[in-house]
Amino acid sequence: MLDSNLNPIRERHIPMTTAITNAHVVPIEGEPFDGTVVVAKGRISAMGPKAKIPRQAEVIDAGGQWLLPGFVDAHTHLGVHEESEGKEGDDTNEMTDPIMAAVRALDGINPHEMGFDDALTGGVTTVNVNPGSGNPVGGLCVALHTHGRYIDEMVLRSPSGLKAALGENPKRVYGEQKKTPSTRLGTAMVMRQAFVDAQNYIGKADANARDLKLEALAMVLNKEIPWRQHAHRADDIATALRMAEEFGYDLVLDHGTEAHILADVIAEKGIPVLIGPLFTARSKVELRQRSLANPGKLAAAGVDISIITDHPVIPIHYLVHQATLSVKEGLDRQQALESITINPAKVMGVADRVGSLEVGKDADLVLWTGDPLDVMQRATQVFIGGRQVFEYDDDTREGVVAPRT
């Protein structure tokens, strides 16, 4: 964990207006340019090669460094599965009933978990925190920034999706308990029944009798939030597509290890794939076709992809390295940057605030020594909402995170 007490970023008055000048700016949506980004009241107020610098602005000379939006990871367990804490720090799955639609990742996140500091070192400023995949329906997700004093002030959108799982995980969990479901058939059945129950709930005349589980499922049916479907194998992905057709909700495929097998079908239906983690071994049968070439195959077929770490499965600050090695294996360079910025922001429903550099968006900015897709480059300064929250110290060769106050 980065030590916030070691050479901490100097606490000072946070200027109302900041101008980052002399930067190579990569907006993601738009052509790169050499110039200036101006921040006022936590948002981008101006940008361009000749952007006017307000007289009262504090000026930061980037010295030619690259300026990008903060990276976005749409599938993590940050703060609910704490590193180095054992069972005491693991609140990922409430595995006492197959349909846990009502539980919220929001209620189990420790914002002081070391992974949040790691995220900043890798330029990750926004994450989606999901419940785990032990249940057929695991619970509600939340989108949040990676720096703050307490979770409520870090939230960008809550809920941002409802997590569900097909495949081996729920089979194993409930099979070992001698409960339904213990097969793929059973997993699909309990999901379908849950949606039918929610449809009946929506149609009830008595709106005073609340049911938190059915309310969460109703949000999916009403297309207020997406159905975040954990699925690795192609047959599980086919089941996910089938159920989405039956109930008419917005589907997002999480992991998608064998999604390339059905890439044309997925692309035709306009379903995004959050692919990863990509650095793992083939530790179970569902991962037999895991490959760093798969993101490129999906993108080439027209699928909107986001690369994910599934932190702590892959440490969150390695997000950009997964994108880099995917480029090495065939992914287009621009698509690689989009897969860790604007694409996941769209999936999470927060693209109006983060994921690209644009006037009016949150000033979530990262200065890099050079091209972030070059593994030898590093993040030197990170800003969230215009506030500097991370700085790399060349003298000590350590990162320094601002106090979470």
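The structure under discussion appears in the preceding block.
K.L.:
Which residues make up the environment of P111, and what are the values?
P.N.:
Checked against the element boundaries, P111 lands in the loop between β6 (71–76) and α1 (114–121). With 32 residues separating them along the chain, P111 and G79 place their C-alpha atoms 6.1 Å apart. If sequence neighbours within four positions are ignored, P111 has contacts with F116, G148, R149, Y150, I151, M154 and R404.

K.L.:
Tell me what's going on with the sheet that holds β6, and back it up with residues and numbers.
P.N.:
Pairing within the open sheet is mixed, and its eight strands lie in the order β6-β7-β8-β9-β10-β11-β12-β13. The outermost strands of the open sheet, each flanked by one partner alone, are β6 and β13 (305–307). Strand-to-strand twist in this sheet, taken as the mean axis angle between neighbours without regard to direction, amounts to 25°. Contacting β8 (137–145), β9 (155–165) and β10 (227–231), helix α5 (residues 212–221) crosses the sheet at an angle of about 95° to β9.

K.L.:
Describe the packing of aromatic side chains, listing the residues and the values that go with them.
P.N.:
Centre-to-centre distance and the angle between the planes together describe a pair of aromatic rings. As enumerated under the stated definition, the model contains five aromatic pairs in all. Measuring from ring centre to ring centre gives 5.6 Å for F71 and W368, while their planes differ by 35°; the resulting arrangement is tilted. With F71 in strand β6 and W368 in strand β14 (residues 365–368), the pair connects residues that are 297 residues apart, well separated along the chain. A connected cluster of aromatic rings, assembled from ring pairs, spans F195, W227, F247 and Y249. When the ring centre of Y392 is taken as reference, the NZ or CZ atom of R378 above it lies at 4.1 Å.

K.L.:
So what's going on with the nonpolar core? Residues and values would help.
P.N.:
Grouped together as the largest cluster of nonpolar side chains are 83 residues, with contacts concentrated most on L217 and W227. Ranked by residue count, the leading element in this core is helix α6 (residues 234–247), at seven residues. Sequence-distant contacts of L217, defined by excluding residues within four places in its chain, comprise I99, A101, L162, A194, F195, A198 and W227. Of all hydrophobic cores here, the second largest spans 15 residues; its members include I20, V39, I44 and F383.

K.L.:
I'd like to hear about the environment of I340, residue by residue, with values.
P.N.:
If you trace the backbone, I340 turns up in the loop between α10 (333–338) and α11 (342–348). What I340 contacts, discounting residues up to four positions off in sequence, is F71, V72, I307, L319, V320 and A323.

Reading the values: rules and limits
Residues numbered from 1 in each chain as written. Predicted model: local features only at pLDDT ≥ 70, side-chain atom pairs only at ≥ 80, totals over all residues. Heavy atoms only, no water. Helix = DSSP H or I, 4+ residues; strand = E, 2+ residues; numbered from the N terminus. Contact = heavy atoms within 4.5 Å. Pairing = 2+ DSSP bridges. Axes fitted to C-alpha atoms, helices over the stretch in contact; angles between N-to-C directions. Phe/Tyr/Trp six-rings, centres within 6.5 Å; stacked < 30°, edge-to-face > 60°. Lys NZ or Arg CZ within 6 Å of the ring centre and 35° of its normal. Core = buried A, V, L, I, M, F, W, Y, C linked by side-chain atoms within 4.5 Å. Buried < 20%, exposed > 50% of the residue type's maximum accessible area, 1.4 Å probe, protein only.

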